[in-house]
Amino acid sequence: MREKFWRRTNRKSLELEAALENKSMNLFLPDDILEMCLLRVPFVSLVNARMVCKKWRNLTMTPRFWRMRQEGSFQSPWLFLFGVVKDGCCSAEIHAFDVSFNQWHKMNSEVLKGRFLFSVAGIHDDVYVVGGCSSLANFGKVDKSSFKTHKSVLVFSPLMRTWRKAAPMKHARSSPILGTYEISSDCLIIRNQQTRGDRRFYRPRVGGVSDVYEDPHRLSVRRQFRHSLDENEVTFLPTMKPYKFVKQKSEHSNKDQRRFLLIAVGGLGCWDEPLDSGEIYDSMSNKWTEIQRLPVDFGIACSGVVCNGLFYVYSETDKLAAYDVEKGYWVRIQTSPFPTRVHEYHPKLICCNSRLFMLSVSWCEGEGQIGRRNKAVRKLWELDLMSLTWREVSIHPDAPMDWNAAFIADKNSIFGVEMFKIFGQVLDFLTVGDVSDTGINWSHISRNRLAQELDAASCLTKSMAVLHL
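Only a predicted model underlies this, so the values are computations on that prediction, with no experimental measurement involved.

## Quick word on the pattern of salt bridges
Taken as a whole, this structure holds 10 salt bridges when the rule is applied. Ionic pairing is found between Glu 93 and Lys 86, a salt bridge with its closest N-O pair at 2.9 Å. When sorted by exposure, Glu 93 lands in the same class as Lys 86, which is buried. The closest approach of N and O atoms between Arg 173 and Glu 279, which form a salt bridge, is 3.1 Å. Taken together, the residues span a long stretch of sequence, with Arg 173 in the loop between strand 12 (162-166) and strand 13 (177-183) and Glu 279 in strand 19 (residues 278-282) at a distance of 106 residues. Taking the relative accessible area as the measure of exposure, Glu 279 reaches 0% and is therefore buried.

Okay, structure coming up:
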């Protein structure tokens, strides 16, 4: 009897061990315990865990699961590099860098094949790809001799590895300046009607000449009448305040839905002309609305970022303007002194911990030593938002070999990707700066692990976004 009982007990234990070996342990765990375990798994392992069984896949695919993962601070930053070029063609690859594990990953994306000079913005769990160009003569090639400029907007979800289309912009743009702004779900955007008497436009004194038509998207056709004004002839033209925010409680509003605005200004148009127009996208209505153009004589916008509710834009002519997102108008900002810079290198605006920074390249003096050459360095400046004065806070450790270096901020860190060709080889450097009250410390987190198989055109077409996964 004892032998039969021992055999029966041993058989049950062996069956239990076999079930555990067959990865069926989740059958004995409550769903909430299993969910808490999966919340703490790194993103790459979590993607692999979805293939274990349908139960694990269903648990990790719900919006509730990702909201709990975010609120529990189980996510880590990922850098996504777009716009890489291989063998002269716009590659369909997205290079993603896991900062926590210091590892690069590749993601194939056929929808981006042949598209270049687009801008990207990381919003919540998605990456928005805005505008761009594609060659008409040579599909897939980076060729601007015959090209088409896009107004479409694509949305990439790394969590699901899927693409979808958002509403297209009203105007086609390549390399637009993007900014993101979060609002509450109970806010409504109401379009205002035109009102007269807001701005004054003067007519020239020359008789018999009608007003010159001004293309709202071209800087080159603007005319100034400073030397031929007749103060007795003042025309009040209507100006349109594009929208206003109204808070209203709605029964259908979803508190879990995270609403945001995406702003796109500047860039190049269908004829490769610089644009000074702008438009704003509402994620809830999935619509674009035109906003006021950049200030007169502002120049070509080269960088922008949202900081403390204002969309700051910097021009190639060293002018700074801010767009009040809630009120819907531009404000010129006079700062002093403007950091001296090498104009071949465009400055980059960055917002980190509600502080506004700018990375620019300038010549460094020879430190007073006879015969010593000056060298170019990349400096980090901070704008005091109260006194509107720039202050140098740090110097980037790398020599500025890349004039189109990409920088982006994430919480307390500033990430930068530099790519350049030297001695026939494309090199890449990925750095991070820790922003604190005591100073900014730069360090390298990746060197020459990505660009060795890429073309030099990637230095021009690259763009970067950061997400927490």
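## As for the sheet that holds strand 10 (residues 147-149)
Strand order in the open sheet made by the three strands is 6-9-10, with antiparallel pairing throughout. Only two strands of the sheet have a single partner each, and these edge strands are strand 6 (115-116) and strand 10. Both strand 6 and strand 9 (residues 133-135) contribute to a ladder of two bridges, which runs antiparallel. Note on strand 9: the bridge partner recorded for Arg 115 is Ser 134.

## Topic: helix 2 (residues 31-39)
Since the α-helix advances by 3.6 residues per turn, residues separated by three or four positions end up pointing in the same direction. Those residues of helix 2 not exposed but buried are Leu 34, Glu 35, Leu 38 and Leu 39. The arc that holds every buried residue of helix 2, seen down its axis, measures 140°, which confines them to one face. Looking at the buried positions of helix 2, the neighbouring elements they touch are helix 3 (43-49), helix 4 (54-59) and helix 5 (63-71).

## Thoughts on the packing of aromatic side chains
Per the stated rule, a full pass over the model turns up 14 aromatic pairs. Summarising the aromatic geometry, the rings of Tyr 323 and Trp 330 are spaced 5.0 Å apart at their centres and angled 55° between planes, so their arrangement reads as tilted. Each residue in the set Phe 43, Phe 65, Trp 66, Trp 78 and Phe 80 is aromatic and connected to the rest through ring pairs, giving one cluster.

## Some remarks on the sheet that holds strand 32 (residues 440-447)
A sheet is described by the order of its strands in space; here four strands give the open sequence 29-30-31-32, paired in antiparallel fashion. The outermost strands of the open sheet, each flanked by one partner alone, are strand 29 (406-410) and strand 32. Shown here is a sheet whose adjacent strand axes are inclined to one another by a mean of 20°, direction ignored. Direction of pairing for strand 29 relative to strand 30 (residues 413-422): antiparallel, over a ladder of five bridges. Along strand 30, the bridge assignment pairs Asp 410 with Ser 413.

Rules behind the numbers
- Residues numbered from 1 in each chain as written.
- Predicted model: local features only at pLDDT ≥ 70, side-chain atom pairs only at ≥ 80, totals over all residues.
- Heavy atoms only, no water.
- Salt bridge = Lys/Arg side-chain N within 4 Å of Asp/Glu carboxyl O.
- Buried < 20%, exposed > 50% of the residue type's maximum accessible area, 1.4 Å probe, protein only.
- Helix = DSSP H or I, 4+ residues; strand = E, 2+ residues; numbered from the N terminus.
- Pairing = 2+ DSSP bridges.
- Arc of directions from axis to C-beta.
- Contact = heavy atoms within 4.5 Å.
- Phe/Tyr/Trp six-rings, centres within 6.5 Å; stacked < 30°, edge-to-face > 60°.
- Axes fitted to C-alpha atoms, helices over the stretch in contact; angles between N-to-C directions.

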